Amino acid sequence: MAAPGGWRPDADLPEVAFSGRSNVGKSSLLNSLVRRRSLARVSNTPGRTREVNFFRVNEAFVLVDLPGYGYSRQSKAQRALWRPLVEGYLRSAVQLRGVVQLLDVRRDPTPEDVDALDLMADVGVPVLLVVTKTDKLTRAAAERRVTEIAALLSVEQDAIVPVSSETGAGREELAQAIVALVNQPSWRSGDSGE
Ligand SMILES: Nc1nc2c(ncn2[C@@H]2O[C@H](COP(=O)(O)OP(=O)(O)OP(=O)(O)O)[C@@H](O)[C@H]2O)c(=O)[nH]1
Ligand SMILES: [Mg+2]
């Protein structure tokens, strides 16, 4: 899906979307989960993923790779497209069950991260918080950073799943959390008249 309201595949299976800053590792995490090296395109250049990309897994659910935000060298036009594209997707995806929101273990959440979380809260979609690239730090340092990030976001530390797409750490726990999201009824089913 390249433009707000643009073409997207039929929503016949539950969907879970991956959100986060450019270069945080969304496409890498998606590949790690499905144990494929290059299903979603990974790059050292931030801003690689510019469309909403849909990956059907085992005819059971769909993982959705969202374009990243907060990349300073992004063009104004690209930047202006992010919000309508992502918000349009989130609001219209009838089968959306949850969003995996990624944060880099080495960085404090940015104002853009908080904006993205506010958008998810406004849409009402359940969010799974994931801290990634934990392989970049020692185990003890990574644990400290998770505590700090949880405090900055005012969430419980155990609401955050630490992962590394490089080593596969946290993969099993995240996969189980995603399966639980997929199997739960849509939060939208409470809406009246729909
Ligand atoms: N060490 C380490 N590197 C990672 C990890 N995850 C991703 N990377 C690297 O980070 C860079 C960006 O990864 P991507 O998966 O393309 O990031 P993205 O969030 O999809 O970026 P956009 O598509 O630009 O929004 C690549 O060089 C990856 O190899 C990780 O867990 N550990
Ligand atoms: Mg990407």
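Structure shown above.
Please read these numbers as outputs of a predicted model, since none were measured by experiment. (Residues numbered from 1 in each chain as written. Chains lettered and ligands numbered in written order. Predicted model: local features only at pLDDT ≥ 70, side-chain atom pairs only at ≥ 80, totals over all residues. Heavy atoms only, no water.)

1. What to know about the pairing of strand 3 (residues 61-65)
(1) Moving on: Burial of strand 3 is extensive: five of the five residues sit out of reach of the surface.
(2) Moving on: Because side chains alternate across strand 3, one face comprises the buried residues Phe61, Leu63 and Asp65, and the other comprises Val62 and Val64, equally buried.
(3) Moving on: Direction of pairing for strand 2 (residues 53-57) relative to strand 3: antiparallel, over a ladder of five bridges. Residue pairing across strands places Phe55 opposite Leu63, the latter belonging to strand 3.
(4) Moving on: Counting the residues in the hairpin turn of strand 2 and strand 3 gives three residues, including Asn58, whose phi is positive at 55°. (Buried < 20%, exposed > 50% of the residue type's maximum accessible area, 1.4 Å probe, protein only. Helix = DSSP H or I, 4+ residues; strand = E, 2+ residues; numbered from the N terminus. Pairing = 2+ DSSP bridges.)

2. Structural notes on the packing of aromatic side chains
(1) Moving on: One pass over the full model with this rule turns up two aromatic pairs.
(2) Moving on: Measuring from ring centre to ring centre gives 5.9 Å for Phe54 and Tyr89, while their planes differ by 65°; the resulting arrangement is edge-to-face. Highlighted residues: Phe54 in strand 2 and Tyr89 in helix 2 (residues 76-92), separated in sequence by 35 residues. For the pair shown, Phe54 and Tyr89 are each scored as buried.
(3) Moving on: Judged by centre distance (5.2 Å) and plane angle (75°), the rings of Tyr69 and Trp82 are edge-to-face. With Tyr69 in the loop between strand 3 and helix 2 and Trp82 in helix 2, this pair connects stretches of sequence that are 13 residues apart.
(4) Moving on: For Tyr69, a relative accessible area of 5% translates into the label buried. (Phe/Tyr/Trp six-rings, centres within 6.5 Å; stacked < 30°, edge-to-face > 60°.)

3. Quick word on the pattern of salt bridges
(1) Moving on: Inspection of every chain in the model, using the stated rule, returns 10 salt bridges.
(2) Moving on: Ionic pairing is found between Arg106 and Asp104, a salt bridge with its closest N-O pair at 3.0 Å.
(3) Moving on: In this structure Arg106 comes out as partly exposed when scored by relative accessible area, which is 41%.
(4) Moving on: When the shortest N-O distance is used, the salt bridge between Asp108 and Arg145 registers 3.0 Å. Pair noted here: Asp108 is in the loop between strand 4 (96-104) and helix 3 (111-123) and Arg145 is in helix 4 (residues 139-153), with a separation of 37 residues, a long-range link.
(5) Moving on: Look at the salt bridges and you will find they share partners, linking Arg83, Glu87, Arg91 and Asp122 into a network. (Salt bridge = Lys/Arg side-chain N within 4 Å of Asp/Glu carboxyl O.)

4. A closer look at the pairing of strand 1 (residues 15-19)
(1) Moving on: Along strand 1, five of the five residues are buried, which leaves the element largely enclosed by surrounding structure.
(2) Moving on: Burial of strand 1 is two-sided: the residues Glu15, Ala17 and Ser19 facing one way and the residues Val16 and Phe18 facing the other way are all buried.

5. Let's talk about the environment of Val57
(1) Moving on: By the secondary structure assignment, Val57 is in strand 2.
(2) Moving on: Taking C-alpha positions, Val57 is 7.7 Å from Val34, a pair spaced 23 residues apart along the chain.
(3) Moving on: Not counting residues within four places of it along the chain, the set of residues in contact with Val57 comprises Val34 and Leu63. (Contact = heavy atoms within 4.5 Å.)

6. As for unusual backbone geometry
(1) Moving on: Phi at Asn23 takes a positive value of approximately 80°, unusual for a residue other than glycine.
(2) Moving on: Mapped onto the fold, Asn23 is located in the loop between strand 1 and helix 1 (26-34).
(3) Moving on: If you check the backbone angles, Arg35 has positive phi at about 55° while not being a glycine.
(4) Moving on: With respect to the helices and strands, the residue Arg35 is situated in the loop between helix 1 and strand 2.

7. What about the side chain of Arg8?
(1) Moving on: Looking at where Arg8 falls in the secondary structure, it is placed in the segment before strand 1.
(2) Moving on: Of note is the side chain of Arg8, whose polar atom sits 2.4 Å from the side chain of Glu15.
(3) Moving on: Setting aside residues up to four positions removed in sequence, Arg8 forms contacts with Met1, Glu15, Phe54, Tyr89 and Ala93. (Polar contact = N/O pair within 3.5 Å; in protein donor to acceptor, adjacent residues only side chain to side chain.)

8. Regarding helix 3
(1) Moving on: Compared with the 18 Å implied by 1.5 Å per residue over 13 residues, the 18 Å span of helix 3 between its first and last C-alpha is a close match.
(2) Moving on: Turning to helix 3, its buried residues are Asp113, Ala116, Leu117, Leu119, Met120 and Val123. Buried residues of helix 3, seen end-on, are gathered within an arc of 155° and therefore sit on one face of the element. Opposite its buried face, helix 3 presents the exposed residues Pro111, Ala121 and Asp122, each directed more than 90 degrees away.
(3) Moving on: In this structure, the buried side of helix 3 is in contact with strand 1, helix 2, strand 4, strand 5 (127-132) and helix 4. (Expected span 1.5 Å × (residues − 1). Arc of directions from axis to C-beta.)

By themselves, these figures tell us nothing about what the structure is for.
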